[in-house]
Amino acid sequence: MSLKTTHITSPIQEVDLSLFGIHGYSLFVKREDLLHPFVSGNKFRKLKYNLLRAKEENYETLLTFGGAYSNHIAAVAAAGKEMGFKTIGVIRGEELESKISENPTLSFAKECGMKFLFISREAYRNKDNQSFLDSLIKNTGKSYIIPEGGSNHLAVKGCEEILDDHTKRFDTICVAVGTGGTIAGLINASEEHQDVLGFSALKGNFQTSEIKKYTAKTNYSITDAYCFGGYAKIDPKLIRFINEFKEKTAIPLDPVYTGKMMYGIFELLKNEYFKENSCIFAVHTGGLQGIAGINKKLKKKNLPIIE
Ligand SMILES: *Cc1c(COP(=O)(O)O)cnc(C)c1O
């Protein structure tokens, strides 16, 4: 993982919409999923300045939070290993402690050297509470704390670097939204003529208050219309779409974030939501490490899996 302060950039790939029977628009995908084999997509962007800060301040340990299939946990474990930090993952759900070997994300993080602290869902709700964090650090020792999902000012600064001179020509910038940190960076770096459209991976659009912490600009909107009922909720229609999209474009999508975003973009294209001849830019934020864990769950339920 190169944390040089020079900008790194990922390729932009055009999707041939005529393969899907859609005409009159163009769609380009920013392949942030290709930035790094394990610290993929927006998590690379969000960690970059945080890890530089942690090095500057001579921290030896990174401590962060996440759930069973968290892309962020996998990214912190891999980036920590590569950058010479010890890592501690505070994991939501005590029952997972005995299931590490069945869980591809936690197994991967463990292989990278991450130590875990499994806590109840109740205790996990305190994850942003300073006295809870103080008590954690008392037990674990001095650590650089990265919040769940990795969103803070330094993360937003890193996400601003997703956009550059090559992305100025696009009309609408689309991205999947979890905590809102990534979209905040995109909004900050967007041009006046550009709209930023966020596809929430969760129900509700509570992220707006988070976004307002990082930007005063208002050229954005967020929809939860394509979250398929909530975070990590998956139905066969979504899986079929992800498989068809990959077959036609060779671009893999994850089922929690980028699959739902792309599904939403296609619905909006079919409904003629975008201005005629619009040039749409979709940020592929990565998350492909999560596919293995979700497929395991789908197989157990005898549902179609992601190919
Ligand atoms: C974490 C994640 C997001 C959400 O990013 P936020 O900054 O929390 O909004 C989107 N896509 C993928 C693949 C992610 O892993």
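Before reading further, recall that the structure is shown in the block above.
In this text, all values refer to a predicted model and were calculated from it rather than measured experimentally.

Here's the deal with the sheet that holds strand β4 (residues 86-92)
Sheet architecture is open: 4 strands sit in the order β5-β4-β3-β6, paired in parallel fashion. Looking at which strands have only one partner, the edges of the open sheet turn out to be β5 (115-119) and β6 (144-146). On average, adjacent strands in this sheet sit at an angle of 20° to one another, irrespective of strand direction. Where helix α1 (residues 42-56) meets the sheet, its contacts fall on β3 (61-66) and β6, and the angle it forms with β6 comes to roughly 165°. The sheet strands contacting helix α2 (residues 71-83) are β3, β4 and β6, and the helix crosses β3 at an angle near 165°.

Re the packing of α1 against α2
How two helices pack is summed up by the angle between their axes together with the distance between the axes. Two numbers describe how α1 lies on α2: the axes approach to 11 Å, and their chain directions differ by 45°. Judged by the angle between their axes, α1 and α2 are oblique. For the crossing formed where α1 meets α2, the hand is right-handed. Residues K43, L47, L51 and K55 of α1 form the contact with α2, whose own contacting residues are N71, H72, A75, V76, A79 and M83. Of the residues assigned to the contact of α1 with α2, the class counts are 6 nonpolar, 2 polar and 2 charged.

Things to note about the pattern of salt bridges
Evaluated as defined, the whole model comprises 12 salt bridges. Salt-bridge contacts for E32 lead to R45; the nearest nitrogen and oxygen are separated by 2.7 Å. Remark: R45 occurs in helix α1 and E32 occurs in the loop between β2 (26-31) and α1; sequence separation between them is 13 residues. R45 carries the same exposure label as E32, and that label is buried. For R121, the salt bridge identified is with E95, shortest N-O distance 3.1 Å. Of this pair, R121 sits in helix α4 (residues 121-124) while E95 sits in the loop between β4 and α3 (104-111), placing them 26 residues apart in sequence. Classification of E95 as partly exposed rests on a relative accessible area of 34%.

Looking at the nonpolar core
One finds L27, F245, M262, I265 and F266 to be the most contacted residues of the largest nonpolar core, which totals 37 residues. Looking at this core, the elements that each hand over two or more residues are β2, β7 (172-177), β8 (195-200), α9 (236-249), α10 (258-270), β10 (279-284) and α11 (291-300). Residue contributions to this core peak at 7 residues, all from α10. Once residues lying within four places of it in the same chain are set aside, the contact partners of M262 are L27, V29, F241, F245, L253 and A282.

Here is what the cut-offs are and how they apply
Residues numbered from 1 in each chain as written. Predicted model: local features only at pLDDT ≥ 70, side-chain atom pairs only at ≥ 80, totals over all residues. Heavy atoms only, no water. Pairing = 2+ DSSP bridges. Helix = DSSP H or I, 4+ residues; strand = E, 2+ residues; numbered from the N terminus. Axes fitted to C-alpha atoms, helices over the stretch in contact; angles between N-to-C directions. Contact = heavy atoms within 4.5 Å. Parallel < 35°, antiparallel > 145°, perpendicular 65-115°, else oblique. Left-handed = near helix turned anticlockwise from the far one by under 90°. Nonpolar A, V, L, I, M, F, W, Y, C, P; charged D, E, K, R; others polar. Salt bridge = Lys/Arg side-chain N within 4 Å of Asp/Glu carboxyl O. Buried < 20%, exposed > 50% of the residue type's maximum accessible area, 1.4 Å probe, protein only. Core = buried A, V, L, I, M, F, W, Y, C linked by side-chain atoms within 4.5 Å.

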